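Remarks on the overall topology
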Amino acid sequence: MDDSSKEALMEEAPPRYTESPRLPCVSHQLRGLLTAVGMMVVLVVVVVAFLLLGLHITETHAETVLRMTIHGLDGEGTPQHLSMSKKERTGTFSVQDGLNASATVVYDYSKLLVGYRSWRHRACFITRVARDNFPGLDAVTDTFQRRQAEQAGDNAVPLADRSILGTTINILCSAVPVYWA
């Protein structure tokens, strides 16, 4: 290499490096603390996002299972509408009761009762069920409709003590006599 080029480089002063400007009121420890707090906030946001996503997936799965239960595994059948009450532990279904008529079936899980009220007839029917063996909606509907047809010529005595009924069944059957099925 040429000596003159070395001398030219040696004559130039090296660049001056200065410390980056700091915020005057933020110390090194405070900056570390703010960084840690920022990372914790990001971590909490990520965890909450995953929990909400998991809750949404679980709710969607429960709705799908309920829809499969009501419609059947193949999605065929008459659609049913279900109302649930976690407080009273009841499930209320609206079902068909012949042509252009409906009925309401209430599963009372706390009292272990199933109630049925047809809007065509002036009567309510209830039955007790085993804790581990709740009958399906079709079986309940068939049983109550058969009992309703028998009741037309029967001299059955209506239930006198309505205190055994839950709130939902009591409201459903408030204006009509209640019979055991």
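Here the structure is shown first, and the text comes after it.
In what follows, the accompanying structure is described. Just so we're clear, the structure is a prediction, and the values are computed from it rather than from any experiment.

Describing the overall build of the protein chain
Scanning the protein chain for helices and strands turns up four helices and six strands. Ordered by position in the sequence, the α and β elements of the protein chain form the string α-α-β-β-β-β-β-α-α-β. Within the span of the protein chain, comprising 181 residues, buried residues form 24% of the whole. A fraction of 40% describes how many contacts in the protein chain between residues 6 or more apart in sequence connect residues 24 or more apart. Split by element, the accessible area of the protein chain, about 13400 Å² in all, is 61% carbon and sulfur.

A few points about the state of the cysteines
Evaluation of the coordinates by the stated rule reveals one disulfide. Here cysteine 124 engages in a disulfide with cysteine 173; their sulfurs sit 1.9 Å apart. Its torsion about the S-S bond being -70 degrees, the disulfide of cysteine 124 and cysteine 173 is classed as left-handed. Note that cysteine 124 is positioned in strand β5 (residues 124-128) and cysteine 173 in the loop between α4 (167-172) and β6 (178-180), a separation of 49 residues in sequence.

Section: a nonpolar patch on the surface
On the surface, Leu30, Leu33, Leu34, Val37, Val41 and Val45 cluster together into a nonpolar patch covering about 530 Å² of accessible area. Looking at the element boundaries, valine 37 is found in helix α2 (residues 28-71).

Points about the nonpolar core
Val95, Val105, Tyr107, Val114 and Tyr116 are the most contacted members of the largest nonpolar core, which has 15 residues in total. Counting residues per element, the ones that place at least two in this core are β2 (90-96), β3 (102-108), β4 (113-118) and α3 (137-151). Setting aside residues up to four positions removed in sequence, tyrosine 116 forms contacts with Val95, Asp97, Ala103, Thr104, Val105, Ala123, Cys124, Phe125, Thr141, Phe144, Gln145 and Gln148.

With respect to the pairing of β4
With six of six residues buried, β4 is to be regarded as a mostly interior element. Where burial is concerned, the two faces of β4 agree: the one with Leu113, Gly115 and Arg117 and the one with Val114, Tyr116 and Ser118 are both buried. As paired strands, β3 and β4 are joined by six bridges and run antiparallel to one another. Bridged to aspartate 108 within β4 is leucine 113. Here β3 folds back onto β4, and the loop between the two strands holds four residues, one of which, leucine 112, carries a positive phi near 55 degrees. Where β4 lies against β5, five bridges are found, and the strand directions are antiparallel. Following the sheet pairing, glycine 115 is matched in β5 by isoleucine 126.

The rules behind the values
Residues numbered from 1 in each chain as written. Predicted model: local features only at pLDDT ≥ 70, side-chain atom pairs only at ≥ 80, totals over all residues. Heavy atoms only, no water. Helix = DSSP H or I, 4+ residues; strand = E, 2+ residues; numbered from the N terminus. Buried < 20%, exposed > 50% of the residue type's maximum accessible area, 1.4 Å probe, protein only. Contact = heavy atoms within 4.5 Å. Areas by Shrake-Rupley, 256 points an atom, 1.4 Å probe, with all protein chains shown as cover. Disulfide = S-S within 2.5 Å. Patch = residues over 30% accessible without salt bridge, like charges linked within 9 Å, V, L, I, M, F, W, Y side chains within 5 Å. Salt bridge = Lys/Arg side-chain N within 4 Å of Asp/Glu carboxyl O. Core = buried A, V, L, I, M, F, W, Y, C linked by side-chain atoms within 4.5 Å. Pairing = 2+ DSSP bridges.

The values reported here are purely geometric and, on their own, carry no functional implication.
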